[in-house]
Amino acid sequence: MVVKIQEFLTYLEQRRNYSPHTITSYQTDLKQFDEFLYHDDKQNIDRNDDTKITPIAVRSWIMTLSESGVSSRSINRKISSLKAYFKWKEINDTSFKNPMLKIIPPKTSKRKLSAISLDDMTTLIENRPSEDDFDAFRNYIIMEILYATGIRRAEILSIKHNDISFNHKQIRIIGKGSKERFVPIGDKLIDDLIKYIVLKQRYNIKESSLIVTKQGKPLTANQLYYIIHTMLKTYNVGERSPHVFRHTCATHLISNGADIINVKNLLGHTSLKATEVYTHTTIEELKKEYKRSFEQKFNK
């Protein structure tokens, strides 16, 4: 194997505290690159020496991906994986010549963020299921937490019972890079969480993870995705994944005048630039609303 994948993944897990989901993404991209090098005779790279990988080899892989119909956004993610790997190589070998220094990523179009409308979100919240149906009530709790806090998929799955402080009305969240933050929760969510925990006790579930199956096992990322995808299939939203509630939470907060710094801290963004995308989204919605109002008033 040209690329020393396992050593790098161990570094990400033990030294950088990356989430399993992120590590899997790096693993997939690096294995794909390694397979390309293995089957591309033109590169003529020693299988035991990844220091011989050249910018030409990387560009050749990028071209192959592009010709295969892989989107620019996906290619850029793969390039980021390679950059992280070769940066790690530099840390361990100062004489190593990083082939990524001459790589220019392809341009991508601005990604349009999907957000659930306020009316649809109100319908979702008001459609509260019976507490006698474990799966339905747990799914409702998942939706409520995601929307109320804007946390990520991996973050909600990592919540333990002792992370919730009912007295302080907050949940302790472990985000990317094992960074800790506290997100506030309202009275309605607190009441529903208490009822959900009581429901777990009724089913004799002793698992400390908050979000579980009826059998008492922690919910997986794929199971969570399927639940949200199914929940949103009748709604007019471009993206049907847990992340859409993160977009919706931020968009609704900023639309209602929330300070962008507070939204940044709530979402756990390290950079304000990542949060500013939601101001652009709300401005576009404002333009549409202005246009509709203008036409209604003057084109009667």
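To be clear, the structure that these remarks concern was listed above.
The structure contained in this document is the topic of the report that follows. Here the residue numbering is sequential within each chain, running from 1 through the sequence in written order. Residues qualify for local features only when their pLDDT is at least 70, as the model is predicted, and side-chain atom pairs are given and counted only at 80 or more; totals for whole chains, interfaces and linings, by contrast, use all residues. Only hydrogens and water are set aside; all other atoms, that is, all heavy atoms of the structure, feed into the side-chain values.

Comments concerning the overall build of the protein
Working step 1: Strands are runs of DSSP state E lasting at least 2 residues, helices are runs of H or I lasting at least 4, and numbering of each runs from the N terminus. For the protein, the count of helices and strands is 12 helices and 3 strands.
Working step 2: Each residue is placed in one exposure class: buried if its accessible area under a 1.4 Å probe, protein chains only, is under 20% of its type's maximum, exposed if it is over 50%, and partly exposed if it falls in between. Across the 300 residues that make up the protein, the buried fraction comes to 41%.
Working step 3: At a minimum sequence separation of 6, the contacts of the protein that also span at least 24 residues come to 59%.
Working step 4: Accessible areas in this description were obtained via Shrake-Rupley with a 1.4 Å probe; residue shielding takes into account the shown protein chains only. When the accessible surface of the protein is summed, it comes to about 17,800 Å², and 50% of that surface belongs to carbon and sulfur atoms. Residue contacts follow a heavy-atom distance rule, with two residues in contact if any of their heavy atoms lie within 4.5 Å.

Quick notes on helix H3 (residues 55–67)
Working step 1: By this rule the span expected of a helix is its residue count minus one, scaled by 1.5 Å. Here H3 spans 18 Å end to end across 13 residues, near enough to the 18 Å set by a 1.5 Å rise per residue.
Working step 2: Within H3, burial applies to Ala57, Val58, Trp61, Ile62 and Leu65. Projected onto a plane normal to the axis of H3, the buried residues spread over an arc of 140° and lie on a single side. Away from its buried face by more than 90 degrees, H3 exposes Ile56, Met63 and Glu67.
Working step 3: Residues of H3 that are buried sit in contact with helix H2 (20–39) and helix H4 (72–92).
Working step 4: Positive phi shows up at glycine 69, right after H3, with a value of about 90°. Arc, as used here, means the arc of the directions from the helix axis to the C-beta atoms.

Observations concerning the packing of helix H6 (residues 134–149) against helix H8 (residues 187–202)
Working step 1: A fitted line through C-alpha atoms serves as each axis, taken over the contacting stretch for helices, and the angle formed by two N-to-C directions is quoted from 0 to 180°. For the pair H6 and H8, the least separation of the axes is 10 Å and the interaxial angle reads 145°. Of the two possible hands of crossing, H6 and H8 adopt the one that is left-handed. Together, Phe134, Phe137, Arg138, Tyr140, Ile141, Glu144, Ile145 and Ala148 of H6 and Lys188, Leu189, Asp192, Leu193, Lys195, Tyr196, Leu199 and Lys200 of H8 make up the contact between the two elements.
Working step 2: Residue polarity follows a fixed list, in which Ala, Val, Leu, Ile, Met, Phe, Trp, Tyr, Cys and Pro are nonpolar, Asp, Glu, Lys and Arg are charged, and the others, Gly among them, are polar. Its residues assigned to classes, the contact of H6 with H8 comprises 10 nonpolar, no polar and 6 charged. Here a crossing is called left-handed whenever its near helix is offset anticlockwise from the far helix by less than a right angle, and right-handed whenever the offset is clockwise.

Side note on the pattern of salt bridges
Working step 1: Between Lys or Arg on one side and Asp or Glu on the other, a salt bridge is scored when a side-chain nitrogen of the former is within 4 Å of a carboxyl oxygen of the latter. Under the counting rule described, the total for this entry stands at 14 salt bridges.
Working step 2: Measuring nitrogen to oxygen at the nearest pair gives 2.9 Å for the salt bridge that ties aspartate 163 to arginine 172.

With respect to the packing of aromatic side chains
Working step 1: To pair, rings of Phe, Tyr and Trp, with the six-membered ring standing in for Trp, must have centres within 6.5 Å; the planes then decide the type, stacked if under 30 degrees apart, edge-to-face if over 60, and tilted in the middle. Tallied over the entire structure, the rule returns 13 aromatic pairs.
Working step 2: For the pair phenylalanine 8 and tyrosine 85, a centre-to-centre distance of 5.5 Å together with 85° between the ring planes defines the contact as edge-to-face. Placement of the pair is phenylalanine 8 in helix H1 (residues 5–14) and tyrosine 85 in helix H4, with a sequence separation of 77 residues. Across this residue pair, the class does not change: phenylalanine 8 and tyrosine 85 are buried.
Working step 3: Here tyrosine 85 and phenylalanine 86 contribute two aromatic rings whose centre-to-centre distance is 5.1 Å and whose plane-to-plane angle is 75°, an arrangement assigned as edge-to-face.
Working step 4: An aromatic cluster is built from Phe8, Tyr11, Tyr18, Tyr26, Tyr85, Phe86, Trp88 and Phe96, whose rings are joined through pairwise contacts.

Considering the pairing of strand S2 (residues 170–174)
Working step 1: Across the two faces of S2 the burial differs, with Ile171 and Ile173 buried and Gln170, Arg172 and Ile174 not buried at all.
Working step 2: Here 2 bridges tie strand S1 (residues 164–165) to S2, and the two strands are oriented antiparallel to one another. Bridge pairing in S2 places isoleucine 164 opposite isoleucine 171.
Working step 3: Between the end of S1 and the start of S2, which pair antiparallel, lie 4 residues, with lysine 169 showing a positive phi angle near 55°.
Working step 4: Two strands are counted as paired when DSSP detects at least two bridges linking them. When S2 meets strand S3 (residues 180–184), the two strands line up antiparallel, connected through 5 bridges. Bridge pairing links isoleucine 171 to valine 183 in S3.

Section: H4
Quick reminder: α-helices carry 3.6 residues per turn. Residues three or four places apart thus point the same way.
Working step 1: In a regular helix each residue adds 1.5 Å, so 21 residues correspond to 30 Å; H4 covers 30 Å between its end C-alpha atoms and thus fits that length.
Working step 2: Along H4, the residues classified as buried are Ile75, Asn76, Lys78, Ile79, Ser81, Leu82, Tyr85, Phe86, Trp88 and Lys89.
Working step 3: Those residues of H4 that are buried lie in contact with H1, H2 and H3.

Notes on the nonpolar core
Note on soluble globular proteins: their nonpolar side chains tend to be buried together.
Working step 1: In this text, buried Ala, Val, Leu, Ile, Met, Phe, Trp, Tyr and Cys residues form a nonpolar core when linked through side-chain atoms within 4.5 Å. Leu124, Ile142, Ile156, Leu210, Leu232 and Phe245 are the most contacted members of the largest nonpolar core, which totals 43 residues.
Working step 2: Broken down by secondary-structure element, the contributors of at least two residues to this core are helix H5 (118–126), H6, helix H7 (153–157), S2, H8, helix H9 (221–231) and helix H10 (243–255).
Working step 3: The element that contributes the greatest number of residues to this core is H6, accounting for 9 residues.
Working step 4: In contact with leucine 124, not counting residues within four places along its chain, are Ile116, Tyr140, Met143, Met231, Leu232, Tyr235 and Phe245.
Working step 5: With 26 residues, the next largest nonpolar core counts Phe8, Leu37, Ile62 and Ile103 among its residues.

A few points about the side chain of arginine 138
Working step 1: You can see arginine 138 is positioned in helix H6.
Working step 2: Polar contacts involving the side chain of arginine 138 include one to the side chain of asparagine 139, which spans 2.8 Å.
Working step 3: Contact partners of arginine 138, with chain neighbours within four places excluded, come to Tyr196, Ile211, Val212, Thr213, Lys214, Leu219 and Ile227. As used in this structure description, the phrase polar contact means that two N or O atoms lie within 3.5 Å; if the pair is within protein, one of them must be able to donate a hydrogen and the other to accept it, and residues adjacent in sequence are counted only when both atoms belong to side chains.

Here's the deal with unusual backbone geometry
Note: most residues except glycine have negative phi, and most peptide bonds are trans.
Working step 1: Despite not being glycine, asparagine 17 shows a phi value in the positive range, around 55°.
Working step 2: Tracing the backbone shows asparagine 17 in the loop between H1 and H2.
Working step 3: Under the relative-accessibility criterion, asparagine 17 is labelled partly exposed at 36%.

Any link to function would need more than the numbers given here.
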